[in-house]
Each structure stands twice: as structure tokens, then as C-alpha cells.
Amino acid sequence: MHVTGRNASASAEYTSGAIWGLASWLCEYGSARFGVCADERCGNVYLDTSSNCCRRFCSERCATRSHVAAHRARKRAADDDLVSAPA
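Reading guide: rules and limits
Residues numbered from 1 in each chain as written. Predicted model: local features only at pLDDT ≥ 70, side-chain atom pairs only at ≥ 80, totals over all residues. Heavy atoms only, no water. Core = buried A, V, L, I, M, F, W, Y, C linked by side-chain atoms within 4.5 Å. Buried < 20%, exposed > 50% of the residue type's maximum accessible area, 1.4 Å probe, protein only. Contact = heavy atoms within 4.5 Å. Salt bridge = Lys/Arg side-chain N within 4 Å of Asp/Glu carboxyl O. Helix = DSSP H or I, 4+ residues; strand = E, 2+ residues; numbered from the N terminus. Expected span 1.5 Å × (residues − 1). Patch = residues over 30% accessible without salt bridge, like charges linked within 9 Å, V, L, I, M, F, W, Y side chains within 5 Å. Areas by Shrake-Rupley, 256 points an atom, 1.4 Å probe, with all protein chains shown as cover. Phe/Tyr/Trp six-rings, centres within 6.5 Å; stacked < 30°, edge-to-face > 60°. Disulfide = S-S within 2.5 Å.

Q: Please explain the nonpolar core as it appears in this structure.
A: Soluble, globular proteins show a tendency: their nonpolar side chains are buried together. Counting residues in hydrophobic clusters, the biggest one holds six residues: Cys37, Tyr46, Phe57, Cys58, Cys62 and Ala63. Here Phe57 is in contact with Cys37, Ala38, Asp39, Tyr46, Cys62, Ala63, Ser66 and His67, once residues within four sequence places are set aside.

Q: Would you mind showing me how to read the pattern of salt bridges here?
A: Side chains carrying opposite charge are able to pair once their charged atoms draw close together. Applying the stated rule across the entire model yields two salt bridges. Between Asp39 and Arg41 there is a salt bridge, and its shortest N-O distance comes to 3.5 Å. Its relative accessible area of 55% is what places Arg41 among the exposed residues. Taken together, the salt bridges that share partners define one network made up of Asp39, Arg41 and Arg65.

Q: What am I meant to see in helix H2 (residues 60–84) here?
A: Three- or four-residue spacings in an α-helix give side chains the same orientation, since the helix completes a turn every 3.6 residues. Compared with the 36 Å implied by 1.5 Å per residue over 25 residues, the 36 Å span of H2 between its first and last C-alpha is a close match. The complete set of buried residues in H2 reads Cys62, Ala63 and Ser66.

Q: Would you explain helix H1 (residues 10–29) in this entry?
A: Helix length check: H1 (20 residues) gives 29 Å between terminal C-alpha atoms against 28 Å at 1.5 Å per residue, within 8%. A positive phi of about 85 degrees marks Gly30, the residue just after H1.

Q: It is not clear to me how the environment of Ala32 should be interpreted in this structure. Could you clarify?
A: Summarising the element assignment, Ala32 is placed in the loop between H1 and strand S1 (34–36). According to the relative accessible area criterion, Ala32 is exposed, its value standing at 64%.

Q: Honestly, a nonpolar patch on the surface in this entry has me stumped. Any pointers?
A: On the surface, Leu22, Leu26, Phe34, Val36 and Val45 cluster together into a nonpolar patch covering about 420 Å² of accessible area. At the level of secondary structure, the elements contributing two or more residues to the nonpolar patch comprise H1 and S1. On the secondary structure map, Phe34 appears in strand S1.

Q: Hey, could you run me through the packing of aromatic side chains in this one?
A: Here the distance between the centres and the angle between the planes together describe a pair of aromatic rings. Taken as a whole and judged by the stated rule, the model has one aromatic pair. Between the aromatic rings of Trp25 and Tyr29, the centroid separation amounts to 4.6 Å while the plane-to-plane angle is 40 degrees, which identifies the pairing as tilted. Residue Trp25 and its partner Tyr29 are located together in helix H1, separated by four residues, close to a single helical turn. Taking relative accessible area as the criterion, Tyr29 reaches 45% and is therefore assigned partly exposed.

Q: Can you help me understand the state of the cysteines in this one?
A: Disulfides are covalent bonds that link the sulfur atoms of two cysteine residues. Tallied over the entire structure, the rule returns zero disulfides. Cysteine Cys27 shares no disulfide, and the gap to the nearest cysteine sulfur, in Cys53, comes to 17 Å. With relative accessibility at 73%, the residue Cys27 sits in the exposed group. Cys62 provides the cysteine sulfur closest to Cys42, a residue in no disulfide bond, and the two sulfurs are 3.7 Å apart. Under the relative-accessibility criterion, Cys42 is labelled partly exposed at 23%.

Read these as geometric descriptors, not functional statements.
See below:
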């Protein structure tokens, strides 16, 4: 099966190959494996290839950034509670 024309550029061939692969994957696994990154600042869409469909972030970088931000927010809240607590 051919997905591009005879005189297609290399970029057109790579793009059509990627689309073909994505379509094949979508037919086999369905759309439930697509997700939107849980990092509020990101918004990228990703394809969850984990065995139990538990992925929440598009990359390790977004996961780390989100977890560090949550940790710092918890630490700040705990520090604020200590400062405002009556003596």
C-alpha cells in the first residue's frame, strides 16, 4: 500500500507514515488511550502506551515540574500555618 505519490518529498513521506502508524494504533486500541497532560501549563496531547492506562503527563519533565510545584505549595502552606499559629 502506498500512502504518498511517486514524486513526494521526504517530509511528506515521513508525515504520511506517521499518520498511517497513528491510524493503525487507533484502530487497534481505540481513542481511550489519548490524554491531555495534567500539568496546567502544558496542555499537550499524548498517547498512553502504559500497560494499565495510568499515564497522566505527556513527559517526565512535565510530571516532575508538576510534582515539584505541588510539593513547594504544600511546604509554603505548612510554613504559613506555622507563622500564623497562636503561640
